[in-house]
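Each chain is listed here by its residues.
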Amino acid sequence: MQRPTSPPSPTPRSVLKSDEASHWFITDLTVELPQPPPPSASASSRLPPPTRSRWRTKEFCVYYAVFLVVVPCMVSVAVQLSKESHPNYSHFSHRLKKGWIFGWSVDTSDHQWNVFRTNLPLLSLLVLLWATLQHFSPRFLSTPTALDSRATFILSFAIPLLTLLHGTSFPKMIGILWINFQISKLSKEGRSPMVRKAAPFLGWAFNLAVLFANEVWDGYRWGSISQSLAVLDTEWMKGILPRWHINWNITMLRLISYNMDHHWSCTSSPAPAPLPSEKLLAPPTDRTRVSTSHPSSLYTFRLYLTYALYPPLYLAGPLLTYNSFISQLVVPPTIPRRTVVGYAMRWVTCLLTMELVLHSMYVVAIKDESRRGAWMGDTPFQLSMIGFWNLIVVWLKLLIPWRFFRLWSLVDGIDPPENMVRCMANNYSTSGFWRSWHRSYNLWIVRYLYVPIGGKTHAAWATLVVFTFVALWHDLSLKLLTWGWVISLFVLPEMAARKFVPYEKYGKEWWYRHLAAFGGVLNVLMMMSANLIGFAIGTEGMSYMWGQMIGSWEGIKFMFVVFGCLFVAVQIMFEYREEERRRGIVRKF
């Protein structure tokens, strides 16, 4: 399989002049990422230089006026739909519970979010316990190296924790982990060339088979092996999270990461050299941590378990490659306290935002009770806001847990990728959206699937395979498979536009920005439709919504207004990214 290199990342803020770095910019709203050195002159010369700032031009003053009118209306409509005085309130009110903000009710319809919200105090205590034990662990752990000490502590915490979470299912997990490790050993020297070449394919096949088997047999039952083992299937022995196979989807990705990184280590020439000590090693970048293979002594079953079961990232990620994880254990990254505190403040702000949305806009309950008439009689504008705010809830319900677990990892000294870089509403590019949404998963996909099956050489085919896998990985359902294929289809127009009207060639032309904004509006409408199909209202709900919005003259007039508003929004997004470029930050999304 072709071995990928890590994608380039933006230029660090540290390259800016000190007086620029000390001022707040609107681009600081986007979370700051660890960055490699600036791109070479030859790489940057292909792009036109950043344009002069448009923030204070007359054109953008008009855009600000549109924002001042439209955004409050978007909020107001969703709030009005959620009031007791609304005719449809009785259709969804049973889904609401007593809240804590101003005595308002809170929408708890989203099961995934409600589980995290309910267990947040317990998770916070778990982080506190981890940090306390980690602080005192050097007094009780006597190991020859820092790596051994870290691995011992992680496994000593992870094994009891996962036994508590999954009960008698934990041995099943260990069995799958052991079989996968045995498959990875087929890449070692001494095996026949054919076997070594087949090892990554066998690893993929095994893990996909486990993924499907988990779904078909619902995590398996001990009683199916022998009636004498049926007692292990009793509810009280299954742990706090008895459906262990739901969380296995993300563990499976770590197993493939280990297999592929180990395979590339075994087949690289020359063989990877032993890692120097921390004092002698220059600080590696995120890019080199991912792409640099380790010597065979660092691909052991003990370290493999440490990686697969690492508690801060076990439940939800973000994903970290095996190479990067081991590199960070051997040579810990420098994570300033200011960075951790700032990230924690961002997380608290997002949590409070989610609470405010769910206490004032009951759009999830309305969506879930649509068949009972919860949105019956709503205007095209109202229907579109139900869809929009549902997507905002989806974004926040994923962002908050991901950032919580990443914050735990940062406190522990491990720096995984940020999963949600931009706000959901700050995306106009289909390809760019998927680079920044669940970013660690995207990086995983690029490294272990997209590039090995052809990448840009066979972009259309690779994209179809990738989104089919992504859909089935999320859930073995027709709704998500439809979503995956729709996304693959929606990516094609942008790929064609980038090829025939490239920014590098036409970016300086006055008309290019407006033509690109037109395309960006179409992208936004397509992405919203696809994600509403996959993660909110399904194909039936999406069909009804679009039918109401374009099935009448009122709806058609509304769509013209929507197009104009989105055109303004995309222009703001363009300028936001130009501002990043003026500051030396070039992102691919």
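Above this text is the structure in question.
Residues numbered from 1 in each chain as written. Predicted model: local features only at pLDDT ≥ 70, side-chain atom pairs only at ≥ 80, totals over all residues. Heavy atoms only, no water.

How do you make sense of the overall build of the chain when you look at a structure like this?
The helix and strand inventory of the chain stands at 24 helices and two strands. Split into buried and exposed, the 589 residues of the chain put 52% on the buried side. Of the contacts made within the chain by residues no fewer than 6 positions apart, 77% connect residues no fewer than 24 positions apart. Put simply, the chain shows about 28700 Å² of open surface, and 66% of that area lies on carbon and sulfur atoms. (Helix = DSSP H or I, 4+ residues; strand = E, 2+ residues; numbered from the N terminus. Buried < 20%, exposed > 50% of the residue type's maximum accessible area, 1.4 Å probe, protein only. Contact = heavy atoms within 4.5 Å. Areas by Shrake-Rupley, 256 points an atom, 1.4 Å probe, with all protein chains shown as cover.)

Is there a simple way to explain unusual backbone geometry in this structure?
With the exception of glycine, most residues fall at negative phi, and the peptide bonds are largely trans. Backbone torsion omega between Gly-317 and Pro-318 reads 10°, so that peptide bond is classified as cis. Among the structural elements, Pro-318 can be located in the loop between helix 12 (311-314) and helix 13 (322-330). For Phe-102, which is not a glycine, the phi torsion comes out positive at approximately 55°. Within the secondary structure, Phe-102 is located in the loop between strand 1 (96-98) and strand 2 (105-107). Look at Phe-102 and you get exposed, because its relative accessible area is 69%. Unusually for a residue other than glycine, His-438 sits at a positive phi of about 50°. By the secondary structure assignment, His-438 is in the loop between helix 17 (430-436) and helix 18 (439-450). For His-438, a relative accessible area of 8% translates into the label buried.

I keep staring at helix 6 (residues 146-166) and nothing clicks. Help me out?
Count 3.6 residues to each turn of an α-helix, and residues three or four apart come out pointing the same way. Taking 1.5 Å per residue, 21 residues should reach 30 Å; helix 6 reaches 30 Å between its end C-alpha atoms and fits that length. Positive backbone phi, at 55°, marks Gly-167, one or two positions downstream of helix 6. (Expected span 1.5 Å × (residues − 1).)

Could you clarify how one ought to interpret empty space enclosed by the protein in this entry?
A water-sized probe rolled over the atoms picks out the places where empty space is left. All chains considered together, the criterion is met by two cavities of 30 Å³ or more. Roughly 40 Å³ of internal volume is contained in the largest cavity. Arg-254, Tyr-307, Tyr-310, Leu-313, Pro-318, Leu-319, Leu-320 and Phe-325 are the residues that line the largest cavity. Within this model, the second largest cavity holds a volume of roughly 30 Å³. For the second largest cavity, the full set of lining residues is Ile-183, Ser-184, Ser-187, Ala-199, Pro-200, Asn-259 and His-263. (1 Å grid on protein atoms, 1.4 Å probe; cavity = no way out; pocket = protein on both sides within 12 Å on 5 of 7 lines; lining within 4 Å. Points joined across faces, edges and corners; volume = space filled by probe spheres on them.)

Help me understand the packing of helix 6 against helix 11 (residues 301-308), please; the structure alone is not making it clear to me.
If you want to describe how two helices pack, look at the angle between their axes and the distance between the axes. Remark: helix 6 packs on helix 11, axes separated minimally by 9 Å, with the N-to-C direction vectors making an angle of 55°. In terms of orientation, helix 6 lies oblique with respect to helix 11. In this structure, helix 6 crosses over helix 11, and the sense of that crossing is left-handed. On helix 11, the residues that touch Leu-147, Asp-148, Ala-151, Thr-152, Ile-154 and Leu-155 of helix 6 are Arg-302, Leu-303, Leu-305 and Thr-306. (Axes fitted to C-alpha atoms, helices over the stretch in contact; angles between N-to-C directions. Parallel < 35°, antiparallel > 145°, perpendicular 65-115°, else oblique. Left-handed = near helix turned anticlockwise from the far one by under 90°.)

I tried to follow a nonpolar patch on the surface on my own but got confused; where do I start?
Together, Ile-550, Trp-553, Ile-556 and Phe-560 make up an exposed nonpolar region whose accessible area comes to about 480 Å². The greatest single-element share of the nonpolar patch, amounting to three residues, is contributed by helix 24 (residues 553-582). (Patch = residues over 30% accessible without salt bridge, like charges linked within 9 Å, V, L, I, M, F, W, Y side chains within 5 Å. Salt bridge = Lys/Arg side-chain N within 4 Å of Asp/Glu carboxyl O.)

Help me understand the nonpolar core in this model?
The nonpolar side chains of a soluble globular protein tend to be buried with one another. With 148 residues, the main nonpolar core has Trp-248, Ile-400, Trp-437, Tyr-441, Trp-444, Ile-445 and Phe-469 as its most contacted residues. Of the residues forming this core, the biggest block, 18 residues, is contributed by helix 16 (residues 380-411). Core analysis: the next-biggest nonpolar cluster, separate from the first, contains seven residues, Val-31, Val-340, Leu-410 and Val-421 among them. (Core = buried A, V, L, I, M, F, W, Y, C linked by side-chain atoms within 4.5 Å.)

Could you clarify how one ought to interpret the packing of aromatic side chains in this entry?
Two aromatic rings, taken as a pair, are described by how far apart their centres are and by the angle between their planes. If you walk through the whole model with that rule in mind, you get 44 aromatic pairs. Summarising the aromatic geometry, the rings of Phe-181 and Phe-301 are spaced 5.2 Å apart at their centres and angled 65° between planes, so their arrangement reads as edge-to-face. Here Phe-181, found in helix 7 (residues 170-184), pairs with Phe-301, found in helix 11; they are 120 residues apart in sequence, far enough to count as distant. Accessibility expressed as a relative area gives 27% for Phe-301, which makes it partly exposed. Aromatic side chains Trp-264 and Tyr-448 sit 5.9 Å apart centroid to centroid with 10° between the ring planes, which places their arrangement in the stacked category. Taken together, the positions of Trp-264 in helix 9 (residues 244-267) and Tyr-448 in helix 18 put the pair 184 residues apart, joining distant regions of the chain. Per residue, the accessibility class of Trp-264 equals that of Tyr-448, and both read buried. Taking NZ or CZ as reference, Arg-406 lies 4.9 Å from the ring centre of Tyr-343, over its face. (Phe/Tyr/Trp six-rings, centres within 6.5 Å; stacked < 30°, edge-to-face > 60°. Lys NZ or Arg CZ within 6 Å of the ring centre and 35° of its normal.)

Would you mind showing me how to read helix 14 (residues 337-360) here?
Taking 1.5 Å per residue as the helical rise, helix 14 with its 24 residues ought to reach 34 Å, and the 35 Å between its terminal C-alpha atoms agrees with that figure. Within helix 14 the residues assigned to the buried category are Val-340, Tyr-343, Trp-347, Cys-350, Leu-351, Met-354, Glu-355, Val-357, Leu-358, His-359 and Ser-360. Against helix 3 (58-81), strand 2, helix 5 (111-140) and helix 16 lie the buried residues of helix 14.

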